[in-house]
Amino acid sequence: MTTVNTGAPDAADEPTAQQSAATARSSRPSRAARIRRGIGMVAVIATGAGVLGLGTGVSPAAAETAPAHAGWDGSRYWFKNSQGQWRWTSHYDVYLARTGGGTKSTAGASSGTKSSGGIKQGWDGSRYWFRNSKGEWRWTTHYDVYLARTGGGSSGSGSGSGSVASGGSVASDPDVETAVQYALAQLGKPFRTAGNGPDGYDCSGLVQQAFKRGGISLPRVANDQYAATTPIKASQLRRGDLLFWSPDGTARGIQHVAIYLGNNQYVEAARPGTNIRISAISSGYYPAYMGRP
């Protein structure tokens, strides 16, 4: 029997059972489309389950190795959120808010929540570290504050890598030690011809500005700086003394100056193309003169 469509609205063809099945198959999403849809649902669920909007300065620890402990790791502060997941922030106030940590110290000293691993009392290249009365690590950029908190404890001389070098105890004169620490705080800054800081220095500019911080006035040029010091011998060298190099071996010919740190080391602004650094006295480049400011 043949079915004829008359064109009337109520006479539209009714699909046969075979046509219904074919239509259902053609309208069903392909296997690939179903997989893509499933992946999208997983992403939506994962996003919903994640911690979003943690607050300014806080980031998830996705794809990063979990830290060994909470606190400072050298570049950021780590903590666990309420779900026990590791999170980090570079903002100390945010870290305190998330962990309910301690308060900042007063008189120029700030909280340091780094683990004790790797921290040593004294100068680390950018700040002075010490423990407070509770045994917690704190830091300050002010040498006088550091001395007040430690009772005059020693601060090793800094090194280019940021670790505490074995430069011995602080200089016997606190003004000289202030100069030494100022020079160490400039480590890594570029040599700049005729530079007086703060972005770059030449050798005598670094020395003059460092001792100025200690209240000691020195001339601007290296050979004049030697003339302003008390000449000493190598056997008399101590932390904070000045080393001078002269290509022709005369005091008038002095062209380079550096600050002695102890243990055969000195801090210097060497030459164009280098950064302020710590060097070691060597037989191939031995200072011709030495003086005490």
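Rules behind the numbers
Residues numbered from 1 in each chain as written. Predicted model: local features only at pLDDT ≥ 70, side-chain atom pairs only at ≥ 80, totals over all residues. Heavy atoms only, no water. Helix = DSSP H or I, 4+ residues; strand = E, 2+ residues; numbered from the N terminus. Contact = heavy atoms within 4.5 Å. Areas by Shrake-Rupley, 256 points an atom, 1.4 Å probe, with all protein chains shown as cover. Buried < 20%, exposed > 50% of the residue type's maximum accessible area, 1.4 Å probe, protein only. Expected span 1.5 Å × (residues − 1). Salt bridge = Lys/Arg side-chain N within 4 Å of Asp/Glu carboxyl O. Core = buried A, V, L, I, M, F, W, Y, C linked by side-chain atoms within 4.5 Å. Pairing = 2+ DSSP bridges. Axes fitted to C-alpha atoms, helices over the stretch in contact; angles between N-to-C directions. Polar contact = N/O pair within 3.5 Å; in protein donor to acceptor, adjacent residues only side chain to side chain. Phe/Tyr/Trp six-rings, centres within 6.5 Å; stacked < 30°, edge-to-face > 60°.

Participant: Provide a residue-level description of the overall build of the chain, including the pertinent values.
Facilitator: Check the secondary structure of the chain and you find seven helices and 14 strands. Counted over contacts in the chain with a minimum sequence separation of 6, partners at least 24 positions apart contribute 50%. In the structure as shown, the chain presents an accessible area of about 16300 Å², 52% of it carried by carbon and sulfur atoms.

Participant: Break down unusual backbone geometry for me, with residues and values.
Facilitator: Most peptide bonds take the trans form, and the phi angle of most residues other than glycine is negative. Here the amide bond leading from G197 into P198 is cis, since omega sits at 0 degrees, within 30 degrees of zero. Phi is positive for N263, which is not a glycine, with a value near 55 degrees. Locating N263 in the fold gives a position in the loop between β11 (256-262) and β12 (265-268). Residue N263 is classed as partly exposed on the basis of its relative accessible area of 46%.

Participant: Tell me about helix α5 (residues 174-185), and please be specific about residues and values.
Facilitator: Taking 1.5 Å per residue, 12 residues should reach 16 Å; α5 reaches 16 Å between its end C-alpha atoms and fits that length. Residues V176, E177, A179, V180, Q181, Y182, A183 and L184 constitute the buried set of α5.

Participant: Any chance you could break down the pattern of salt bridges for me, citing the residues and the numbers?
Facilitator: Under the criterion given, the structure shown has five salt bridges. Here D241 makes a salt bridge to R292, at a shortest N to O gap of 2.9 Å. Of this pair, D241 sits in the loop between β9 (230-231) and β10 (242-245) while R292 sits in strand β14 (residues 289-292), placing them 51 residues apart in sequence.

Participant: Pulling in residues and values, what's your account of the nonpolar core?
Facilitator: Taken as a class, soluble globular proteins show a tendency for nonpolar side chains to be buried jointly. Within the largest apolar cluster, 30 residues are counted, with the highest numbers of intra-cluster contacts made by F211, L242, I259 and V267. For this core, the elements supplying multiple residues, two or more each, are α5, α6 (203-213), α7 (222-227), β10 and β11. Examining the composition of this core, we find that six residues originate from one element, α5, more than from any other. Setting aside residues up to four positions removed in sequence, L242 forms contacts with V207, F211, L218, T229, V257, A258, I259, Y289, M290, G291 and P293. In this structure, L243, W245, I281 and M290 belong to the second largest nonpolar core, which totals nine residues.

Participant: Quick rundown of the pairing of strand β7 (residues 128-131)? Include the residues and the values.
Facilitator: Relative to strand β8 (residues 137-140), β7 runs antiparallel, the two sharing four bridges. In the sheet register, R131 faces β8, and the bridge partner there is W137. Counting the residues in the hairpin turn of β7 and β8 gives five residues, including G135, whose phi is positive at 85 degrees.

Participant: Give a description of the sheet that holds β9 that names residues and reports values.
Facilitator: Across the sheet, which stays open at both edges, the six strands sit in the order β9-β14-β10-β11-β12-β13 with antiparallel pairing between neighbours. At either margin of the open sheet sits one strand with a lone partner, and together these are β9 and β13 (277-280). Note that β11 and β12 share three bridges and pair antiparallel. When the sheet's bridge partners are listed, Y260 is paired in β12 with Y266. Contacts from α5 reach β11, β12 and β13 within the one sheet, and its direction differs from that of β11 by about 110 degrees.

Participant: How would you sum up the side chain of T229? Please name residues and give values.
Facilitator: Within the secondary structure, T229 is located in the loop between α7 and β9. Within the structure, the side chain of T229 is placed 2.8 Å from the backbone oxygen of Y226, a separation counted as a polar contact. What T229 contacts, discounting residues up to four positions off in sequence, is L242, F244, G291, R292 and P293.

Participant: Which residues make up the packing of aromatic side chains, and what values do they have?
Facilitator: Counted under the stated rule, the structure contains five aromatic pairs. Ring geometry for W78 versus W86: centroids 6.4 Å apart, planes at 80 degrees, classification edge-to-face. Here W78 falls in the buried class, since its relative accessible area comes to 3%. Residues W245 and Y266 carry aromatic rings whose centres are separated by 5.1 Å and whose planes lie at 50 degrees to one another, so their mutual orientation is tilted. Residue W245 is located in strand β10, and its partner Y266 is located in strand β12; the two are separated by 21 residues in the primary sequence. Neither residue differs from the other here; W245 and Y266 are each classed as buried. Clustering of aromatic rings is evident, with ring pairs tying together Y226, F244 and Y289.

Participant: Give a detailed account of the pairing of β10, specifying residues and quantitative values.
Facilitator: What you see with β10 is no split at all: L242 and F244 on one side and L243 and W245 on the other are buried throughout. In the sheet, β10 pairs with β11 via four bridges, with the strands oriented antiparallel. Note on β11: the bridge partner recorded for F244 is V257. Where β10 lies against β14, three bridges are found, and the strand directions are antiparallel. The residue bridging F244 from the neighbouring strand is Y289, located in β14.

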